[in-house]
Each structure stands twice: as structure tokens, then as C-alpha cells.
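Fold and geometry: a report
The primary structure of each chain is shown beneath.
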Amino acid sequence: MKRLKLWIGVTLLLGSMVMASACGQTNSTIGDPGTGEGDDSENKNLPVETSLKVSQEENVLQFEIELVNNSGESIELPFSSGQQFEVIVYDENDEVLYQYSEGKSFTMALENLQLEANESEVWTDEWTIENDVTAGDTLTVVADVVIAEQEDYAISAEQLQVTETVIFEDTLDSNAGVEEGTEQEQESDTALQNDAFRHIKIEGDHGKYTITGEARVFEAQFHYAVTDGHTYFAEGTTQTTDGAPAWGEFKIDIELKEQNLPLNGTLTLELYEESAKDGSPTNQLAIPLETFAP
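What comes next concerns the included structure. Treat the numbers as computed from the prediction; the structure is a model and nothing was measured.

Details of the side chain of threonine 227
Within the fold, threonine 227 resides in strand S14 (residues 221-227). Separated by 3.0 Å, the side chain of threonine 227 and the backbone nitrogen of glycine 229 make a polar contact. A distance of 2.9 Å separates the side chain of threonine 227 from the backbone oxygen of threonine 231, its partner in a polar contact. Here threonine 227 is in contact with Tyr232, Phe233, Thr266, Leu267, Thr268 and Glu270, once residues within four sequence places are set aside.

Quick word on the packing of aromatic side chains
What the rule picks out here adds up to seven aromatic pairs. Measuring from ring centre to ring centre gives 5.0 Å for phenylalanine 197 and phenylalanine 222, while their planes differ by 75°; the resulting arrangement is edge-to-face. Placement of the pair is phenylalanine 197 in strand S12 (residues 197-205) and phenylalanine 222 in strand S14, with a sequence separation of 25 residues. On the basis of relative accessible area, phenylalanine 222 is assigned to the buried category, the value being 0%. Geometrically, the ring pair formed by phenylalanine 222 and phenylalanine 250 is edge-to-face, given 5.0 Å between the ring centres and 75° between the ring planes.

So, the sheet that holds strand S13 (residues 208-215)
If you trace the three strands from one edge of the open sheet to the other, you get S12-S13-S16, paired in antiparallel fashion. Both outer strands of the open sheet, S12 and strand S16 (248-255), are each paired with one neighbouring strand and no more. Here the strands of the sheet are splayed against their neighbours by 15° on average, with no regard to which way each runs. In terms of strand pairing, S13 meets S16 through eight bridges, oriented antiparallel.

About the criteria used
Numbering of residues starts from 1 in each chain and follows the order in which that chain's sequence is written. Totals for whole chains, interfaces and linings use all residues, but because this is a predicted model, local features are given only for residues with pLDDT of at least 70 and pairs of side-chain atoms are given and counted only at 80 or more. With hydrogens and water excluded, all non-hydrogen atoms of the structure serve as input to the side-chain values. Note on conventions: DSSP H or I runs of at least 4 residues are helices, E runs of at least 2 residues are strands, and numbering of each starts at the N terminus. Polar contact criterion, stated in full: a pair of N or O atoms within 3.5 Å, where within protein one must be able to donate a hydrogen and the other to accept it, and residues adjacent in sequence count only if both atoms are side-chain atoms. In this description, contact between two residues means that some pair of their heavy atoms is separated by no more than 4.5 Å. To pair, rings of Phe, Tyr and Trp, with the six-membered ring standing in for Trp, must have centres within 6.5 Å; the planes then decide the type, stacked if under 30 degrees apart, edge-to-face if over 60, and tilted in the middle. Residue exposure (1.4 Å probe, protein chains only): buried if accessible area is under 20% of the type maximum, exposed if over 50%, otherwise partly exposed. The pairing criterion is simple: DSSP has to find at least two bridges between the two strands. Every axis in this analysis is a line fitted to C-alpha atoms, fitted for helices over the stretch in contact. Angles between the N-to-C directions lie between 0 and 180 degrees.

In C-alpha cells, the structure reads:
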């Protein structure tokens, strides 16, 4: 009986040692809870942000998709094919009117995009509208950057997909509200507009000017400057009532000292946006303010 009890005791002791050893091995594969070693269940968030700009020129919708690396380090983004982005336009009934990839073929080789710290990549596309849309129709534009799944970062759909709603404008009414006028007047109105600025009106003289109009600009902000081609007399930024893709109204008041006005030449107002990629001027529009002669 004593031998039996001794054998049972030895057996239980050996079993406890085996279980303890197994538990120790399991904990070592998970890694130190404070360091995350050996734990691949969660990847750090991919530090990118996508934006979309939609503009209309006559019967063409233009799309600009920008992906910005907001991290302080270089990242490499994989694409499973030659297609790096997608654009889809829906009508008010959620019917697809346009899709960038439709009818296109892309290489199936894996491609990588290298983005340095705070660098961005811009893709552009455009859709020529024929009979699918009429003036006043509301369109929904959805843009995606189609990054492939990868192990280093976690990516949310919100970081790669952007949706914008636009109202298609009457392409025949470039001089809104003007039914009659000479050919010279109409050409002048057309010269004072582009994809970002329109309906410009100028009042004043001798260095005091009030400029009003409409702008379709990112974050409802744009820049202006007054120059005679040699000297800049005034520079600044101004806000519009709405940001792109909507047209917002703006007003600029400029007052220059009379002694600073040019003796000979033309004062010109320059309106422009700054590129989100490199800060360079885009959508520039030059508007003559006043001509001086000796």
C-alpha cells in the first residue's frame, strides 16, 4: 500500500512538471506583453489620407485624386495590378454613369509606389458627358486608391475612398444672366473665368478696387496678388462662402497708396490656388484692374 501511494505521488508530481513546462513554452511564443514581440495580430495604422477634387469644363468632368503620406518616414505601397485608382460616377438613382476601369485592361504584375515623408501622389482622370446628364442633375463621384493588402500596416476604407457630390452645370450658359450683348462683351466675360474662378466684376479706380465673383476652390480659400508685371503691390488670401466642388462667392477690397501706383503700365489682379502637392500656383487667372499712362 505504501508503494502504491508513493507511485501515485510520483506520477502526480511528474504530471505537474510537464504542465508547467508546456505553459512556459506557450507564454514564450506570445512574447513579452510590453514589447509586442511575436504578436502580429495588430499592425500599425497606415498614415495616409486621400482627397478628391472634381471640376467641370464645358461638358467634361475632371477628377484629381491625391494620396498624401502624413508620416515622418518613407513608406512603400503595393498594388496588385497596373490599376492604382478607381473613379465611379452615379446618378440620382444610384445608377453607374461612368467607371474609369470599364473597358480598360491593366497589367497583372505587382507594382509598388514609394512615398517619401509628407510626399503625395496625384492621379487624374476625366469624363466627357454626352447625353447621360442634363443641367441641374446631381452626381455622386466615388474615388478609391486600390492599394493591395499587406502585412506592415492596417488600412481603413475611409483612408482610401472619397465621395463628392456635384451639380452638373449648363455648359451653354457661360455668361450666366446675360441674354444680350455684343460679341466683344461676351469674349471679355469669357476671358475673366477659368475652372476655379468666374463671374468676376471690378469696381473702382486710382488704386481703390472692389472685386467680386465666384470661386470653386479647395477648402474655400485662394490667393491673390496685384502687380504691374514688375512689382507686387499687394498680396493675400481670401475665403469663399463655399468650398469645392460648390461655387462660393467672394469679395476682395484693395486700396493702394496713390504715390505707389505705376506711372506707366497696367495693374493686374492675379487669382490662384496653391497645389496641395508642391505649393505651386494652379488655376491662375489674370484680371486687368487699371491702365496708367504718363
